[in-house]
Amino acid sequence: MRMTLALARAGFRRYSTYRQATAASILTNSMFGFLRVYVLFAAVAAAGGVAGGYTREQLSTYTWVTQGMIGVVALWGWNELADKVRTGEVVGDLLRPVNPIWTYFATDLGRAGFASCTRLLAPIVVGALVFPFYWPRHPASYPLFLVSVLLAVSVCFALRYLVNLSAFWLLDSRGITAVWTLVSGLGAGLYFPMSFLPGWLAFVMQYLTPFPSIMQFPADVLVERDGFGGQFTRLAVQALWALICLAIVFAVQRRAVRKLVVQGG
Amino acid sequence: MAEHKLLRPYAKMLTAQVRSQAQYRSSFFIDMAVQTGFSAADFVTVMVMFGVTTALGGFGLVDVLVISGVSATGFALADLTVGNVERLKTYVRTGLLDAMLIRPRRVLPQLLVVDFQLRRVGRVAVGVTVLVVALTASDIDWTWWRIALIATVPLAGALYFSAMFVMTASVAFWWIESGEFANAFTYGGRELTTYPINIYANFFRNLFAFGLGFGFVAYYPTLLILGRPDPLGLPGWLGLAVFPVALIAAGLAALVWHNGIRHYKGTGS
């Protein structure tokens, strides 16, 4: 436990040094927040006030939360492990007495903690200042949202780790990474919530794939979709996906390590 | 003949680059399929929006798809030819740019040729396909000037987006840790021009559509092609503004680039 905390603190501190890059990311996320809110507002205006079960205010909050979540779950651009596999440095990770999954997970939680204070908060403030905004009616929604964010980070971490593990077989995991970038953006609900899709497809995406757990569900929990029942269902689905994905990560890593051949002396 | 000699090294670098990318064929095709998927995702988003609504800013699906098609074709052409200038920040950070500066060739063409990504051809194909399908689905009164317009507007758009790519990439000369900053104007610009500009509210629209000129890239030319009046009440000839706007943007981009190169002192690595 002490080690986990130390690693998380190191992750927090490491990312807090990239201040300019953080500022640039907030600017870019906010720009896309503006663009997406206007499109969703135009859609909801022509649809008569409600689209896909969301009101105007709910869609605004939804958009700013998902834009902020990009940084918190680190949806794109993590290939630290894949790089280490390619260069062989991964051996150093494997020699330590702790499974590297836990080391990376703890560090990632620290990173997510820093991102929550900056990259999640800033777009929400911008959105709340400029647009009509949906504030949760129930105080319990705030702690539920935090739990949902934590689960989202866990699911996303596991999936990113899995993408990186593919480097053990492919060496060049760029193709898989690109597929992940495309599918995760669409499936996580970054461009539109899954309930905008036709009924059966929305069902498949929301309950049979892990992607909405990464972004859409935390936003749904905050805008109180389907009341308490809906919030708890979403948290349960997220928790289930977190367990499944982490279990797969452990299994795949075991096979990957068995395959590993260390080159040179 | 002199011109031929001048271009030959670039042509050689380009063919070498393309041939090396074509070596790993399966990897290349996966890459291209994914790139194509990224472009398609934009249109999927437009279609999904029309799954829950009947109009955006008073425009129906086919009208919006013409706007998106014009924007996507222009953007994809720019992305294919100069999009990889976005790697400038990596070259500055790692000091690789110094290697290019000491060669007796211009830096920008070197940079573009060295990283040329053939797989981006897929994006152009998606843009052109959507544009053609949307144009056939709409009942446009085809006159010679409309045909001339639809053939040239995406090219002017490509010039405009190319200027955006170069201008925002140049920021790395001053601000090394610029991160994703450029994306706000390049990819953000593409997203902005995908939809009719009357859906954006006052301040935002004035700044980006009119101030930075994004509104002239796809929206106004499309109004002229569709023969529709502007819901904002501006005159139809603004559909031709894309040509001077693209030229001005290109001029500014050249200016920023040259200042950046002069400002660059290396990172000391």
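Because the structure is predicted, anything quoted here is derived from the model rather than measured.

**Q** Could you clarify how one ought to interpret the packing of aromatic side chains in this entry?
**A** Any two aromatic rings considered together are summarised by their centre-to-centre distance and by the angle between their planes. Applying the stated criterion across every chain yields a total of 44 aromatic pairs over all chains. With 5.4 Å between their ring centres and 85° between their planes, Tyr160(B) and Phe214(B) make a pair best called edge-to-face. You can see Tyr160(B) sitting in helix 8 (residues 144-174) and its partner Phe214(B) sitting in the loop between helix 10 (202-211) and helix 11 (219-226), a full 54 residues away along the chain. With respect to class, Tyr160(B) is no different from Phe214(B); both count as buried. With centroids separated by 5.4 Å and ring planes inclined at 55°, the aromatic side chains of Trp175(B) and Phe181(B) adopt a geometry described as tilted. Residue Trp175(B) is classed as partly exposed on the basis of its relative accessible area, which comes to 24%. Through a chain of ring-to-ring contacts, the aromatic side chains of Phe34(A), Tyr38(A), Phe41(A), Trp64(A), Phe131(A), Trp175(B), Phe181(B), Phe185(B), Tyr200(B), Phe204(B) and Phe208(B) assemble into a single cluster. The ring of Phe41(A) is capped by Arg56(A), whose NZ or CZ atom sits 4.3 Å from the centre of that ring. A cation over an aromatic ring shows up here: Arg190(B) above the ring of Phe75(B), its NZ or CZ 5.1 Å from the ring centre.

**Q** Sorry if this is basic, but what is going on with the nonpolar core here?
**A** Most often, soluble globular proteins keep nonpolar side chains buried together rather than apart. Of all hydrophobic cores here, the largest spans 158 residues; its most connected members are Phe196(A) and Ile214(A). Among the elements that take part in this core, helix 8 of chain B stands out by supplying 15 residues, more than any other. Dropping the residues within four chain positions of it, Ile214(A) is found in contact with Met69(A), Val73(A), Leu75(A), Ala152(A), Val155(A), Cys156(A), Leu159(A), Trp180(A) and Ala188(A).

**Q** What should I look at first to understand the UniProt feature "transmembrane region" (unreviewed entry) in chain B in this one?
**A** With numbering aligned to this structure, UniProt lists the feature "transmembrane region" (unreviewed entry) at residues 56-78, 121-138, 144-176, 197-217 and 237-257 of chain B. Its end C-alpha atoms 27 Å apart, residues 56-78 of chain B is made of 78% helix and 0% strand.

**Q** Just checking my understanding: could you explain the pattern of salt bridges for this structure?
**A** Two side chains carrying opposite charge are able to pair once their charged atoms lie near each other. Residue and element names in this part refer to chain A. Per the counting criterion, the structure on display carries 15 salt bridges over all chains. Arginine 160 is the partner of aspartate 108 in a salt bridge, and the nearest nitrogen-oxygen pair spans 2.8 Å. In this pair, aspartate 108 is assigned in helix 6 (residues 100-130) and arginine 160 in helix 7 (residues 141-165), connecting sequence segments 52 residues apart. Each member of the pair, aspartate 108 together with arginine 160, is buried.

**Q** Is there a simple way to think about helix 12 (residues 242-263) of chain B in this case?
**A** Residue pairs three or four apart in sequence face the same way in an α-helix, which turns once every 3.6 residues. Residue and element names in this part refer to chain B. With 22 residues, helix 12 extends 31 Å between its outermost C-alpha atoms, agreeing within 8% with the 32 Å of an ideal straight helix rising 1.5 Å per residue. All buried positions along helix 12 are accounted for by Val242, Val245, Ala246, Ala249, Ala253, Trp257 and Gly260. The arc that holds every buried residue of helix 12, seen down its axis, measures 105°, which confines them to one face. For helix 12, the exposed residues set more than 90 degrees away from the buried face come down to Leu247, Ile248, Leu255 and Arg262. Of the surrounding secondary structure, the elements contacted by the buried residues of helix 12 are helix 4 (88-94), helix 6 (107-114), helix 8 and helix 11.

**Q** What is the right way to look at a nonpolar patch on the surface in this model?
**A** All names here are of chain A. Taken together, the side chains of Leu121, Val125, Leu129 and Val130 define a hydrophobic patch exposed on the protein surface, amounting to about 390 Å² of accessible area. Relative to the helices and strands, leucine 121 is located in helix 6. By relative accessible area, which is 47% here, leucine 121 ends up partly exposed.

**Q** Just checking my understanding: could you explain the interface of chain A and chain B for this structure?
**A** It is common to give the size of an interface as the accessible area that goes away when the parts come together. With 33 residues of chain A at the contact, the number on the chain B side is 33 residues. Here chain A meets chain B over a buried area of about 2900 Å², counting both sides, of which 74% is carbon and sulfur. When the area that chain A buries against chain B is broken down by residue, the three leading residues are Met31(A), Tyr38(A) and Val39(A), summing to 20%. Where chain A meets chain B, there are 1 salt bridge. Among the salt bridges present, the one from Arg36(A) reaches Glu191(B), with a minimum N-O distance of 3.0 Å. Applying the counting criterion to the chain A and chain B interface returns 5 residue pairs in polar contact (both at pLDDT 80 or more). Looking at the side of chain A that touches chain B, the elements with two or more residues in it are helix 2 (19-46) and helix 9 (174-187) of chain A. Here the side of chain A that touches chain B gets 18 residues from one element, more than from any other, and that element is helix 2 of chain A. Taken together, the residues of the side of chain A that touches chain B break down into 24 nonpolar, 7 polar and 2 charged.

**Q** Got a minute to help me understand the side chain of Asp63(B) in this structure?
**A** Residue and element names in this part refer to chain B. Here aspartate 63 shows up in helix 3 (residues 61-82). The exposure class assigned to aspartate 63 is buried, which follows from its relative accessible area of 15%. Reaching out from aspartate 63, the side chain makes a polar contact with the side chain of arginine 228 at a distance of 2.9 Å. Aside from chain neighbours lying at most four places away, what touches aspartate 63 is Thr222, Leu226 and Arg228.

Calculation notes
Residues numbered from 1 in each chain as written. Chains lettered and ligands numbered in written order. Predicted model: local features only at pLDDT ≥ 70, side-chain atom pairs only at ≥ 80, totals over all residues. Heavy atoms only, no water. Phe/Tyr/Trp six-rings, centres within 6.5 Å; stacked < 30°, edge-to-face > 60°. Helix = DSSP H or I, 4+ residues; strand = E, 2+ residues; numbered from the N terminus. Buried < 20%, exposed > 50% of the residue type's maximum accessible area, 1.4 Å probe, protein only. Lys NZ or Arg CZ within 6 Å of the ring centre and 35° of its normal. Core = buried A, V, L, I, M, F, W, Y, C linked by side-chain atoms within 4.5 Å. Contact = heavy atoms within 4.5 Å. UniProt positions renumbered as here; feature names shortened; annotations may be inferred. Salt bridge = Lys/Arg side-chain N within 4 Å of Asp/Glu carboxyl O. Expected span 1.5 Å × (residues − 1). Arc of directions from axis to C-beta. Patch = residues over 30% accessible without salt bridge, like charges linked within 9 Å, V, L, I, M, F, W, Y side chains within 5 Å. Areas by Shrake-Rupley, 256 points an atom, 1.4 Å probe, with all protein chains shown as cover. Buried area = accessible area lost by both parts, 1.4 Å probe. Polar contact = N/O pair within 3.5 Å; in protein donor to acceptor, adjacent residues only side chain to side chain. Nonpolar A, V, L, I, M, F, W, Y, C, P; charged D, E, K, R; others polar.

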